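Residue-level listing of the chains:
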Amino acid sequence: MNVFDFLIGRMSPEYFPSDPATIGAAIGMPLGVLGIAALLTYFKKWKWLWREYITSLDAKKIGVMYIVVALVMLIRGFADTLMIRAQTAIAANGQQGPIDADTFQQVFTAHGTIMIFFVAMGLMFGLINVALPLLIGARDVAFPFLNSVSFWLFAAGMILVNFALIFGGFSAGGWLGYPPLTGLEYSPGPGVDYWLWTLQIAGVGSLLSGINFFVTIIKCRAPGMTLMKMPIFAWSVLVTTVLIMLAFPVLTATLAMLSLDRVFDMHFFTSTGGGNPMLYVNLIWAWGHPEVYILVLPAFGIYSEIVATFARKAIFGYKTMVAALIGIMFLSFIVWQHHFFTMGAGANVNAFFGIMTAIIAIPTGVKIFNWLFTMYRGRILFASPMWWFMAFVVTFTIGGATGVMMSVPALDFQVHNTMFLVAHFHNVIIGGVIFGYFAGITYWFPKIFGFTLHEGLGKASAALWQIGFILAFLPLYALGLMGAVRRIDSYTDPSWQPLFIVSAIGVMVIGAGIFAMVLQIAVSIKNRKKYVVGGDPWNGRTLEWSVPSPAPHYNFAITPIVEHQDQWWYEKEHRQKNKGVLTDIEMPKNSPLGFYIAIAAGLFGFGVIWHLWWLVGLAFVAIIVLVITRTMNDDTTYVITKEVLADEMGVAA
Amino acid sequence: MNQHESYNAAAKRYVVGGVGSASLILITYLAVTSSWFEKPMSIAFFVLILAFLQLVLQLVTFLHVQAEAKPRWKSIGFVSSMIMITVVVAGSIWVMYNLNYRMHTSGEAMQEYMLEQNKKGF
Amino acid sequence: MSTHTTVSEKNATAELGFWMYLMTDLMLFASLFATFYILRVGVADGPTAAEVFDINYVMAQTLVLLASSVTSGMALVSMKFSMKKQALVFLGATILLGVGFLALELNEFIALATEGNSWTTSAFLSSYFTLVGTHGLHIFIGLIWASVLFVALAKQPVVSDNHVRKLSLFTMFWHFLDLVWIFIFAVVYVIGVYA
């Protein structure tokens, strides 16, 4: 092999896109990025961006970055949705749709991958970063530098998945990439490798965040805040972090093995050489099922905070809420096989996992009833976060019910991998996860930025999403029962077409809902002086509402001493001042190393994808050098004296 | 490690742990090379039990987990992780065993399996 | 984080965080173990475990790694009692023994691969090389870590709190790797060959 071949690996011009849609995206995306760069240059904001966000170790700033990336990826994922529904609405009974079959495979793969790993996980980590330290009376997370590394790894994964559009093409193997289809023999190109390394890099970021938030809750709570005095949101995050820590390593191992099959011609999941493709399905779902609970539990925690706040009542059944969360945590690890009832493990195995799946509905049901009981006899204010909650109750309950239906293996055999399944999981993810994180964004936005979002547009968005959801997904249940399977780009039965068209209309209504959100943000920013609020715009119950809005970078000038659940509400009711004492505080300094480490990780992945072994080696060394640089630096914090704090608070020291 | 532990006590811990572990390894070695057991199951059990004993010995002597102040988060974390790991590993082995038994990849073996299941009334 | 966060509180937080990372690593190895156990019958045209593993060789590896685990613990004890020179001796011994372990392992891998029994031959060998190789990669990273600590400690006139914390995290990592090796020894080389 000559030097030139060694340097370019398997890159070649054939990997530039050739169909119009992809070419359009491949040109549009870089133009968009250049546009933003131009704006930053024109307004001379590069230094500001570097100092205030890129090198910041403040969890609130990191959280905002996660949410921004997630919302941008929502648009990208939604673009995929539009293409999918345009295709299925048109391509009936021999009619050609706008997308060709190969592209269609890539589109639904990208759709699923982006929505789960970048939208849902992004919103989740973003909101946890923004809210968790404030809710437990802490200044930041336990390991602020690691937090920065986690975010930038997430961003590196995002760059990779979008770069695939420009050069190489993405995987066509579905969001979970089952071999042998995604093995070397049937997918020799770079698409699956892009998918593998996007997930692998973002996955490491998630794992580190799980560890970080776990230790934060265990070690950084305000004095006096015992575990049973924590807000329920903190409990939901605690349980989620346990799930993350135990599930993500399985994903890392499984993706690594598939990658080894592809790069080094190993035989984990090949049909020959003694490999076992069914093993991949087993392992990936051993991760995959806890993953969906990872997505939804923090959203449940957000609902607990919102319902209690807007019903002006303490959450009903705090202890059973905690018990339900812990129950879900254990149970979510023993149901994974229900994702492949039909693969042939037999009646005994199916029966065990089916029963376990049905049981997990119980603690979930307990939580829904507790939220409703919290509302009962409360003085409810139906602000826009409550609209999202009401949408959740209706939507998620339907989705949960269809889930319990499918927990029965005999029924699942009829609907597995049909549109019924597609409807179910969108039902629970949109209803549970997405509505919850949208509610959380609306709820905590004023705390971070000092002004509220436009209420009317928020309510409009919730209404449009709810109506859009009904139109887009309820027909899919019917289609599944009528025999329509998933991931098809055309079909012959003309009676399916009206339902696919209704679904397409629903998607456009959802699109209007997304547009309303974008408009809401734009209008709110433009009119922000009109929407300015103080520290406690919702008359809240928990500690974050006791600090000014926007929250100072150190969160609490005085670390509060906690004696009750809903400590802030108690202080307001009893007109008590918090007993905390003003002291000097130690804050982390900014650092660019998280950003650099992620660049190196991204280059590592890029190198493996394109067989640029020299780049892989260099990137590996770079990561080690950067980590060592950080660990050798003992000067990573600075002190804010109590005099300065008193000054900022406007009181005597 | 306990702040109040003396140098000698600490050093003793490591020596005991090291010698103990080496002994367990040697017993394992002898058990298989001198064929103390006949049945594969017995060998497997014996070896695994010795491995777990060594695990506990090293947790106590090297990693000193029992010296952690209350609440014992490291111990709780370790035990919970081991429970979940056992569930996922044992569960995977059980599921894969059943899948492999029923989903023969070769046509002939599949034919035989299906005939056999047919006789059982499925 | 007030300035009242004591050294012992900082240490406790760092140790808990690192311990939880080790728990995730445990799950990673567990997945690889499960895979190895399930795929051990997938020998295709390649050799079985009994045909390629030599228990005497593996015994040597195991004892070398065990010794390095003991020396790493002694290095930490020496550090805690501010015996800098002794700590350096034990840490240096740990590194040398670790390099010895890796050398033995690499030698075995190369021998297997050149005989034609490489990771491309069968599922059994793929999962063997990956499980044991992942452990080896962790050892390699650990050795880099230990070397950096060695140099940093050698350059310092006295032992500092920061340094004790870093070494205690390293020894947790190193002990953990020895624990995983116990099970690799038991499951892959002993049970895999004899049971």
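Before any of the text, the structure's been laid out above.
Residues numbered from 1 in each chain as written. Chains lettered and ligands numbered in written order. Predicted model: local features only at pLDDT ≥ 70, side-chain atom pairs only at ≥ 80, totals over all residues. Heavy atoms only, no water.

Q: Mind showing me how you'd approach the overall build of chain C here?
A: When you go through chain C residue by residue, the secondary structure sums to six helices and zero strands. When the helices and strands of chain C are listed from N to C terminus, the series reads α-α-α-α-α-α. Projected onto its principal axes, the C-alpha positions of chain C cover 65 × 35 × 25 Å. Considering chain C as a whole, with its 195 residues, one finds that 63% of them fall into the buried category. Across chain C, the fraction of contacts at a sequence separation of at least 24, relative to all contacts at a separation of at least 6, is 84%. For chain C, the distance from the average site of its 8 positive side-chain charges to the average site of its 11 negative ones is 22 Å. (Helix = DSSP H or I, 4+ residues; strand = E, 2+ residues; numbered from the N terminus. Buried < 20%, exposed > 50% of the residue type's maximum accessible area, 1.4 Å probe, protein only. Contact = heavy atoms within 4.5 Å. Lys, Arg positive; Asp, Glu negative; His and termini not counted. Charge placed at Lys NZ, Arg CZ, Asp CG, Glu CD.)

Q: Please explain the overall build of chain A as it appears in this structure.
A: Scanning chain A from terminus to terminus reveals 20 helices and two strands. The C-alpha radius of gyration computed for chain A amounts to 25 Å, which stays within 12% of the reference 26 Å derived for 653 residues, consistent with globular compactness. Taking the principal axes of the C-alpha coordinates as reference, chain A spans close to 75 × 60 × 50 Å. In chain A, which comprises 653 residues, the share counted as buried stands at 60%. Within chain A, contacts between residues separated by at least 24 positions form 82% of all contacts whose residues are at least 6 apart in sequence. Surface exposure of chain A reaches about 24,300 Å², of which carbon and sulfur atoms provide 71%. (Rg over C-alpha atoms; globule rule 2.2 N^0.38 Å. Areas by Shrake-Rupley, 256 points an atom, 1.4 Å probe, with all protein chains shown as cover.)

Q: I'm lost on the interface of chain C and chain A in this one. Help?
A: Accessible area lost during the coming together of the parts is what is often quoted as the interface size. With 37 residues of chain C at the contact, the number on the chain A side is 42 residues. Together chain C and chain A conceal approximately 3,200 Å² of surface at their shared face, both sides included; 75% is due to carbon and sulfur atoms. If you look at where chain C meets chain A, you find two salt bridges. With a shortest N-O distance of 4.0 Å, glutamate 586 of chain A and lysine 10 of chain C are connected by a salt bridge. For the interface between chain C and chain A, the tally reads six residue pairs in polar contact (both at pLDDT 80 or more). Among the elements of the structure, helix 1 (7-39), helix 5 (123-155) and helix 6 (161-194) of chain C are those that each provide at least two residues to the side of chain C that touches chain A. Tallying contributions element by element places helix 1 of chain C first for the side of chain C that touches chain A, with 16 residues. (Buried area = accessible area lost by both parts, 1.4 Å probe. Salt bridge = Lys/Arg side-chain N within 4 Å of Asp/Glu carboxyl O. Polar contact = N/O pair within 3.5 Å; in protein donor to acceptor, adjacent residues only side chain to side chain.)

Q: Could you clarify how one ought to interpret the packing of aromatic side chains in this entry?
A: Aromatic ring pairs are defined here through the distance separating the ring centres and the angle between the ring planes. A full pass over the atoms with the stated rule returns 86 aromatic pairs over all chains. Considering the side-chain rings of phenylalanine 352 of chain A and tryptophan 94 of chain B, the 5.8 Å spacing of their centres and the 80 degrees angle between planes classify their relative orientation as edge-to-face. Here phenylalanine 352 of chain A is found in helix 11 (residues 347-375), whereas its partner tryptophan 94 of chain B is found in helix 3 (residues 73-102) on a different chain. What makes tryptophan 94 of chain B partly exposed here is its relative accessible area of 33%. Judged by centre distance (5.6 Å) and plane angle (70 degrees), the rings of phenylalanine 18 of chain C and tryptophan 145 of chain C are edge-to-face. Separated by 127 residues along the polypeptide, phenylalanine 18 of chain C in helix 1 and tryptophan 145 of chain C in helix 5 bring together distant segments of the chain. Assessed through its relative accessible area of 25%, tryptophan 145 of chain C is described here as partly exposed. Grouped by ring-pair contacts, the aromatic residues Trp50, Tyr66, Phe118, Phe125, Phe151, Trp152, Phe154, Phe213, Phe595 and Tyr596 of chain A constitute a single cluster. The ring of tyrosine 53 of chain A has lysine 61 of chain A lying over it, and the distance from NZ or CZ to the ring centre is 5.4 Å. (Phe/Tyr/Trp six-rings, centres within 6.5 Å; stacked < 30°, edge-to-face > 60°. Lys NZ or Arg CZ within 6 Å of the ring centre and 35° of its normal.)

Q: Help me understand the interface of chain B and chain C in this model?
A: Facing the 43 residues of chain B at the interface are 40 residues of chain C. Taken together, the connections running from chain B to chain C amount to one salt bridge. Close ionic contact of glutamate 15 of chain C with lysine 74 of chain B constitutes a salt bridge, the shortest N to O distance being 2.9 Å. Looking at the side of chain B that touches chain C, the elements with two or more residues in it are helix 1 (7-33), helix 2 (40-61) and helix 3 of chain B. Its residues assigned to classes, the side of chain B that touches chain C shows 31 nonpolar, 10 polar and two charged. (Nonpolar A, V, L, I, M, F, W, Y, C, P; charged D, E, K, R; others polar.)

Q: Explanation requested: the side chain of threonine 130 of chain C in the structure shown.
A: By the secondary structure assignment, threonine 130 of chain C is in helix 5. Here serine 126 of chain C takes part through its backbone oxygen, which lies 2.7 Å from a polar atom of the side chain of threonine 130 of chain C. The residues contacting threonine 130 of chain C, other than those within four sequence positions of it, are Leu260, Met266 and Phe268 of chain A together with Leu32 of chain C.

Q: Please explain the pattern of salt bridges as it appears in this structure.
A: Residues and elements named next belong to chain A. Applying the stated criterion across every chain, the model contains 15 salt bridges over all chains. Between arginine 262 and aspartate 193 there is a salt bridge whose closest N-O contact spans 2.9 Å. With arginine 262 in helix 8 (residues 232-264) and aspartate 193 in helix 7 (residues 191-219), this residue pair connects regions lying 69 residues apart in the sequence. Using a relative accessible area of 4% as the deciding quantity, one classes arginine 262 as buried. Lysine 572 is paired through a salt bridge with aspartate 536; the nearest N and O atoms lie 2.6 Å apart. With lysine 572 in helix 17 (residues 567-573) and aspartate 536 in the loop between helix 16 (497-526) and helix 17, this residue pair connects regions lying 36 residues apart in the sequence. Residue lysine 572 is classed as partly exposed on the basis of its relative accessible area, which comes to 25%. Overall, aspartate 536 belongs to the partly exposed group, its relative accessible area being 23%. Each of the salt bridges in this network shares a partner with another, and the network as a whole consists of Arg10, Asp193 and Arg262.

Q: Could you clarify how one ought to interpret a nonpolar patch on the surface in this entry?
A: All names here are of chain A. Together, Val3, Phe6, Leu7, Trp613, Trp614 and Leu618 line one region of the surface with nonpolar side chains, adding up to about 580 Å² of accessible area. Those elements that place two or more of their residues in the nonpolar patch are helix 1 (3-8) and helix 19 (613-632). Residue position: valine 3 is located in helix 1. Overall, the relative accessible area of 62% leaves valine 3 in the exposed class. (Patch = residues over 30% accessible without salt bridge, like charges linked within 9 Å, V, L, I, M, F, W, Y side chains within 5 Å.)

Q: Which parts of the structure should I look at to understand the nonpolar core?
A: Taken as a class, soluble globular proteins show a tendency for nonpolar side chains to be buried jointly. If you look at the biggest cluster of nonpolar residues, it comprises 304 residues, and the most contacted ones within it are Trp371, Phe392, Trp444 and Trp465 of chain A together with Tyr128 of chain C. The contact partners of phenylalanine 392 of chain A, leaving out residues within four places of it in the chain, are Phe300, Tyr303, Ile368, Trp371, Thr397, Gly431, Gly432 and Phe435 of chain A. Core analysis: the second largest hydrophobic core is formed by eight residues, Tyr554, Ala557, Leu582 and Ile640 of chain A among them. (Core = buried A, V, L, I, M, F, W, Y, C linked by side-chain atoms within 4.5 Å.)

Q: Looking at this structure, I do not really get unusual backbone geometry. What am I missing?
A: What you tend to see is this: most non-glycine residues have negative phi, and most peptide bonds are trans. In this chain, serine 549 of chain A is followed by proline 550 of chain A through a cis amide linkage whose omega measures -5 degrees. With respect to the helices and strands, proline 550 of chain A occurs in the loop between helix 16 and helix 17. For the bond from lysine 70 of chain B to proline 71 of chain B, the omega torsion is -5 degrees, close enough to zero to count as cis. Checked against the element boundaries, proline 71 of chain B lands in the loop between helix 2 and helix 3. In this structure, serine 82 of chain C is a non-glycine residue whose phi angle is positive, near 60 degrees.

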